[in-house]
Amino acid sequence: MKKRIFSVLLCMAMMASLLVGCGSGSDDGDDAKSEDGGSDSGKKVYAMVAKQAGNPFMEKMAEGFTEVVEAAGGEAIIKYPEEGKADHQITAIQSLISQGVDSISVAANDENALQPALEDAMAEGIKVNCLDSKVNADSRQLFVNQAGVDEIGQALMDAVLDISGGEGQWAILSATSQATNQNAWIDSMKKIMEGDEYSKLELVEVAYGDDEPQKSTDQTQALLSKYPDLKVICAPTTVGIMAAGKVLQDEGSATKLTGLGLPSEMAAYIGDGDDSSCPYMFLWNPIDLGRLGAYSAIALVNGDIEGAEGESFDAGDMENSPYTITDAGDGGTEVILGQPFKFDPSNIDEWKEVY
């Protein structure tokens, strides 16, 4: 009798163990992918790899990405590397390959370093695009660009010319020295600056705050110390421009600021008076950039596009939908969200409530 009771109890324990094992998910909470190409729930899985954790621009971009994916019935996974470095993104990409996601969208910290990992992803049948900051043409199927490089370079260079009064010293406060979007915009600005109307401007330094608030603060203070006659700092990075705006305003510096920033973070620094550090700045909507990244990823996964020049895809109710893929000038293709938008005292209060 005791043996029979023990056998029953043993069978029950084994069944319970099997049930628990079948019900458990992956270590990080993401659904495992099934053989049909989706998660266990039957959903397609779309992943986005941000530049790093704690970056508000990335968080807003992820918000738009997730919104579109979930509305389409998919599952969104967002990876935030601890630091804005390529090796952290490589680790995230390798993890996503192991999970068997359907697509990976990456905002690259380095144009070339991610290539082996992204090639591995594509070899596994995972669709790959990049947004905000590109990888090289061999590492992607499509680049979702926020605005044309030269359009951004022209807007920033003209702002420096205007705010400086057409002459004097100015500096750039960038993100990391490997950030492809930052470097492309800076190269464009330098080329534009060769024109006669910019001949009285002197670019004294390109400093790198690595998209870290404290390092960007330190770099701003160092620029003010090294160049007492500095007229303008141009920061084409949302983290850098916010840090610089606070330093300049707190210190009552005569140096002025422009660049690319989030309205909600920069509203306190934008104004026409001497007590405001930033007369005006530019950006685009990071939520829409994330949305466009998701729409393009969905189109790739569904086979609606392959990422070839001339192809078009639907992007819901977005302003420029349908979007047409164009030559990116680097051997690959891109789709452009739109023109950079100017934020100044006339509209900042409206837009700071948006993002």
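Residues numbered from 1 in each chain as written. Predicted model: local features only at pLDDT ≥ 70, side-chain atom pairs only at ≥ 80, totals over all residues. Heavy atoms only, no water.

1. Here we look at the packing of aromatic side chains
Item 1. Using the criterion set out here, one finds eight aromatic pairs in the structure.
Item 2. Where Phe341 meets Trp351, the ring centres are 5.3 Å apart and the plane angle is 55°; that geometry is what we call tilted. Linking Phe341 in strand S15 (residues 341-343) with Trp351 in helix H11 (residues 348-351), this pair joins segments that are 10 residues apart in sequence.
Item 3. Overall, the relative accessible area of 36% leaves Phe341 in the partly exposed class.
Item 4. We classify Trp351 as partly exposed; its relative accessible area is 23%.
Item 5. Ring geometry for Trp351 versus Tyr355: centroids 6.2 Å apart, planes at 85°, classification edge-to-face.
Item 6. For Tyr355, a relative accessible area of 3% puts it in the buried group.
Item 7. Cation over ring: Lys342 sits above Tyr280, and NZ or CZ is 4.1 Å from the ring centre. (Phe/Tyr/Trp six-rings, centres within 6.5 Å; stacked < 30°, edge-to-face > 60°. Helix = DSSP H or I, 4+ residues; strand = E, 2+ residues; numbered from the N terminus. Buried < 20%, exposed > 50% of the residue type's maximum accessible area, 1.4 Å probe, protein only. Lys NZ or Arg CZ within 6 Å of the ring centre and 35° of its normal.)

2. With respect to the confidence of the model for the protein
Item 1. Here the protein averages 90 in pLDDT, while 88% of its residues score no lower than 70.
Item 2. Low confidence marks residues 1-37, where pLDDT is under 50. Its contacts with residues over four positions away, or in another chain, come to 26 contacts. (pLDDT = per-residue confidence, 0-100. Contact = heavy atoms within 4.5 Å.)

3. Examining helix H4 (residues 115-123)
Item 1. The set of residues buried in H4 consists of Gln115, Ala117, Leu118 and Ala121. The buried residues of H4 occupy an angular sector of 165° when projected down its axis, which confines them to one face. Turned more than 90 degrees off the buried face of H4, the exposed positions are Pro116 and Ala123.
Item 2. Those residues of H4 that are buried lie in contact with helix H3 (86-99), strand S3 (103-106) and strand S4 (127-131).
Item 3. Following H4 by one or two positions, Gly125 has its phi on the positive side, about 90°. (Arc of directions from axis to C-beta.)

4. Structural notes on the nonpolar core
One recurring pattern in soluble globular proteins is that nonpolar side chains are buried together.
Item 1. Among the nonpolar cores identified, the biggest contains 81 residues, and Met157, Trp170, Leu257, Trp284, Leu292 and Phe313 are the most heavily contacted of them.
Item 2. Considering every element that reaches this core, the biggest residue donor is helix H10 (residues 286-302), with 10 residues.
Item 3. Not counting residues within four places of it along the chain, the set of residues in contact with Leu257 comprises Ile163, Ile233, Ala235, Ile241, Ala244, Gly245, Leu248, Met266, Ser277, Cys278, Pro279 and Tyr280.
Item 4. Counting 22 residues, the second-largest nonpolar core is a separate cluster that includes Ala92, Leu96, Val106 and Leu114. (Core = buried A, V, L, I, M, F, W, Y, C linked by side-chain atoms within 4.5 Å.)

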